[in-house]
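Here is how the chains run, residue by residue.
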Amino acid sequence: MDHPTWPRLQALFGMNPVTAFLSVGWSQRRARQTVMRNWVLNSAYASELKQRLQPDPDTSEGKSSKESNRDSHLFLPHPLATREDHELIKDPRWIIPETWPRPRYSRSQKQMIEVSWLDRVRAPFQSLFRNWRFGWQGVFPTATLLVPVGGIMWFAWRMGWNNSFNKGYEQAPIGPVTSFIGIGLFIWFWSHIPMAQACQAASGEWKRFYKWKLIRKLIWIQPMRYLGLLALYLLLAAPVMMVESAPGLITSGKSKLEFLTASEAVNFLRNLHFAALFFIIFPAFAWLKKLAAKLYSDAVLFGIGSGKIKLEDLSPWEVETIEALGLEGLKKSPESPWWNKLVRFAGLAGSHVVYRISIALIGFGLIGATFYIPQFIGYQPFPRWVNPVLIQLPWYHRLPGPLKEAWQMEKLEKATISEPESEPESTDDEPVG
Amino acid sequence: MSDLNDPTPASNYQSKTRRRFMKEMALGAAGVSLSYSTLGQQTNSAPLEEVVPKDYSGPNVVIIRFGGGVRRRETIDPVHTFCPYTLKKLAPRGTLFPQMKIDDFEDINTSHGEGTLNILTGKYDKYQDTEQAFLQERFEAKVPTLFEYLRKNFRIPESQTLIINGEDRTQEEFYSFSNHHLFGVNYQSEVLSLYRFKTFLLREQINSGRWEGEELATKQKQLNELESKDYRSKGLRNQSPEILSFWETWREHYGESGLVNPRGDRLLTELSLWALRRLRPRLMMVNYNDPDYVHWGIKSHYTRAIAIIDEGIERIVNWVDQDEEYRDNTVFVIVPDCGRDSNPFLSTPYQHHFNSPSAHEIFGLWVGPGVRAGDMVDREVDQISVAATVGQLMGIKTEFTEGPVLEQVFA
């Protein structure tokens with residue numbers, strides 16, 4: 001059965017670029033759940049939600065009735081009670097739906113609509129379809145920024161070293177200058193992307209990723225907390241960097257790994273990549289999205305309450321939710337992180353310069369850990385440059401070209417050797433005599 | 001033909017070399033100078049004695065360091081080679097050792113500086129930067145180099161023992177002499193490189209009074225920075241008059257911009273040809289290095305660089321073949337400084353040379369008078385045998401080398 005946090009499935013999806021979109025979609029839906037839950041927990045319905053989020057005692061008789069109570073959104077005000085927010089109580093699922101189809105409130109038609117036959121047919125795979133849709137919505141806007149920037153950095157690396165190899169002194173600055181342009185753009189985009197992704201996830205509309213005026217306002221409501229999130233990206237990039245660099249170093253010294261056959265090497269890499277996805281990459285990816293969603297939801301509440309942002313700036317889904325929960329007038333300050341005390345002590349609170357310098361330093365560290373160090377230790381082609389796995393698509397399995405070729409050759413040889421030899425045609429001996 | 005019945009006890013010398021190496025490592029950390037004789041090891045020659053230099057009448061030797069780090073697959077494998085001239089035209093004229101290797105002691109590093117000094121000194125050592133700086137390779141050999149042996153034994157001027165060095169590894173300019181108390185700087189070789197030309201040029205320009213005031217101060221600072229790279233003599237030792245004249249001619253021909261002369265490893269070929277024509281070296285080492293650019297991951301840098309070295313070897317050999325004095329009197333020794341990895345997990349399997357088994361695998365090619373032609377010695381031999389073998393070819397005693405002479409080389 002599809003357990004909501006079935007980790008093997010997450011890691012398996014990351015082994016393929018197509019199914020990795022499902023991981024993104026699931027993370028987006030979980031981010032949306034975080035936003036929704038946070039708002040409900042700040043409303044008059046908090047205690048009801050907390051009760052439903054308690055662990056369910058495992059009793060066989062009462063389980064079905066308790067389950068239906070827990071599933072039910074009926075404690076929420078209209079229209080949230082019958083809206084299609086299945087992720088509020090239960091964590092998003094991967095394939096089967098969180099709750100089976102039921103009559104729901106349609107915002108566009110402003111009325112309850114019955115379950116159609118198409119919904120019933122699609123029901124067993126509803127989460128799969130939603131993860132796929134949210135996945136594409138989650139990746140596409142980020143890719144419009146990071147793919148060109150990654151391309152610039154890739155170009156700078158290749159052409160810069162090409163120029164160095166050919167001793168093109170006359171155009172020596174091309175590599176470094178292009179690199180710095182790419183690095184600068186990456187830092188600029190990346191410093192906004194977590195909040196932009198949260199905004200997009202919460203609204204369910206991919207175009208809201210590009211509402212950068214709003215996103216910058218939300219960031220500046222709680223810059224220190226947001227800086228903490230960005231620092232976490234750097235912290236979590238370190239183990240990813242180690243995993244990425246490992247293949248370049250493990251054949252050193254007395255290691256016998258250089259002597260593996262192609263099939264053995266392929267298996268080794270598969271296991272390594274799966275373990276990396278299982279233990280590090282996907283958990284980090286999902287956690288960062290969840291944290292960003294929490295920051296987003298707090299920033300929206302405070303922004304609305306303090307007048308720094310208007311309701312009209314939000315998506316219809318968010319407006320409906322906030323109004324139904326009665327949160328427009330909530331004046332809640334964002335939590336102050338512990339390191340903020342140090343910043344205030346140093347007299348640097350509210351300093352845009354300090355914030356920007358910190359972003360730049362963290363950004364440089366992240367770029368080094370994500371791109372340059374692993375690429376030096378074990379160069380990977382273009383796709384790796386345009387897909388930082390913690391930010392965009394948690395796809396982490398690719399066989400190097402030479403290994404793939406060697407593996408194909410090996411399979412071909414084995415197939416040739418294992419073909420049975422055809423028996424020679426028997427000749428009838430002429431009878432003697 | 002393979003020499004399968006060679007009775008030379010390769011395993012014996014390897015064991016002795018290992019034991020000595022381990023002892024030296026245990027004692028060497030405190031900077032203890034080890035006397036060769038106290039270790040009681042077998043020598044290649046008679047005890048040390050006062051040497052009166054004689055006129056040299058032996059063959060010229062050109063050592064081609066096929067660097068920086070190449071695999072056998074892309075060089076001497078007939079199917080995958082990127083140096084067809086060296087393998088298919090030159091190798092049949094001499095003796096190929098396809099199983100030459102760098103021994104795999106625990107503390108031995110398979111890299112360029114170490115490999116170069118293995119070749120020149122005939123001894124393995126754990127080299128460390130003189131100031132223990134990270135990633136710096138300012139090494140000092142503790143035992144003499146071939147240049148020192150040659151110049152101590154024969155009346156050969158400095159300008160006829162040459163290292164031709166590239167611009168990417170300036171520290172190797174200063175491997176031209178050891179800090180052994182019986183040899184050292186007085187027997188060093190000269191060096192030809194872009195770094196040396198730039199230093200010469202800047203000195204000349206400053207001395208000619210081209211600049212004044214602030215500009216002069218800036219240029220003087222640049223000169224100081226260039227000279228500071230000389231970690232052995234701190235720029236205090238000038239090049240010989242023959243070399244200065246050489247640079248003057250180079251400057252007349254190629255100008256001062258540095259943009260007209262060939263670049264990269266092609267520059268080393270050009271410098272080698274110029275040196276052969278004008279300086280007439282008796283012992284010359286060419287430190288090719290551009291294959292090492294593959295550290296940054298781009299495969300074509302490796303394969304293209306091997307092809308460029310191959311072209312360079314062809315040019316040098318062709319020139320030697322048409323020169324009356326050098327023809328039939330010059331031995332070529334072609335040997336890599338180290339191998340490269342064969343990492344199945346990377347898109348560029350040979351990106352680095354991190355001490356993997358493949359990084360220890362190299363080859364050796366000997367071509368010239370007195371060398372057996374058309375032979376292939378298909379057994380394991382050591383990189384440190386090069387120095388002793390060159391010594392025997394040139395008739396010099398190499399008391400401090402540890403690798404045995406490769407007797408199969410000789411006709």
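Right above here is the structure, for reference.
Residues numbered from 1 in each chain as written. Chains lettered and ligands numbered in written order. Predicted model: local features only at pLDDT ≥ 70, side-chain atom pairs only at ≥ 80, totals over all residues. Heavy atoms only, no water.

A.B. asks: How would you summarise the pattern of salt bridges if you had to cite specific residues and measurements?
C.D. replies: Residues and elements named next belong to chain B. For the structure on display, the rule yields 35 salt bridges over all chains. Close ionic contact of aspartate 337 with arginine 65 constitutes a salt bridge, the shortest N to O distance being 3.7 Å. Of this pair, aspartate 337 sits in the loop between β7 (330–335) and β8 (364–367) while arginine 65 sits in strand β1 (residues 60–66); the two residues are 272 residues apart in sequence, bridging distant segments of the chain. With respect to class, aspartate 337 is no different from arginine 65; both count as buried. Residue arginine 93 is joined to aspartate 321 by a salt bridge in which the shortest nitrogen-to-oxygen separation is 3.1 Å. Residue arginine 93 is located in the loop between α2 (84–90) and β2 (94–97), and its partner aspartate 321 is located in helix α9 (residues 299–322); the two are separated by 228 residues in the primary sequence. In this structure, a network of salt bridges that share partners links the residues Arg65, Glu137, Arg169, Glu172 and Asp337. (Salt bridge = Lys/Arg side-chain N within 4 Å of Asp/Glu carboxyl O. Helix = DSSP H or I, 4+ residues; strand = E, 2+ residues; numbered from the N terminus. Buried < 20%, exposed > 50% of the residue type's maximum accessible area, 1.4 Å probe, protein only.)

A.B. asks: Explain unusual backbone geometry to me, using residue names and the numbers behind them.
C.D. replies: Residues and elements named next belong to chain B. The linkage connecting glycine 67 with the following residue, glycine 68, adopts the cis geometry, with an omega of -15°. One non-glycine residue, aspartate 328, lies in the positive phi region at around 60°. With respect to the secondary-structure elements, aspartate 328 resides in the loop between α9 and β7. A positive phi angle, near 65°, is found at asparagine 355, a position not held by glycine. Relative to the helices and strands, asparagine 355 is located in the loop between β7 and β8. In this structure asparagine 355 comes out as buried when scored by relative accessible area, which is 18%.

A.B. asks: Can you tell me about the interface of chain A and chain B, naming the residues and giving the values?
C.D. replies: As a measure of interface size, the accessible area lost when the parts come together is often cited. Tallying the contact residues gives 38 residues for chain A and 36 residues for chain B. When chain A packs against chain B, the two sides together hide about 3,000 Å² of surface, and 63% of this comes from carbon and sulfur. When residues of chain A are sorted by the area they lose upon contact with chain B, A:Phe165, A:Lys167 and A:Glu258 head the list and together hold 24% of the total. The tally of links from chain A across to chain B stands at two salt bridges. Measuring nitrogen to oxygen at the nearest pair gives 3.0 Å for the salt bridge that ties B:Asp168 to A:Lys167. Every element with two or more residues in the side of chain A that touches chain B is listed here: α6 (126–165), α10 (223–249), α11 (262–306), α14 (352–377) and α16 (401–418) of chain A. Classifying every residue of the side of chain A that touches chain B gives 20 nonpolar, twelve polar and six charged. (Contact = heavy atoms within 4.5 Å. Buried area = accessible area lost by both parts, 1.4 Å probe. Nonpolar A, V, L, I, M, F, W, Y, C, P; charged D, E, K, R; others polar.)

Structural measurements only, silent on function.
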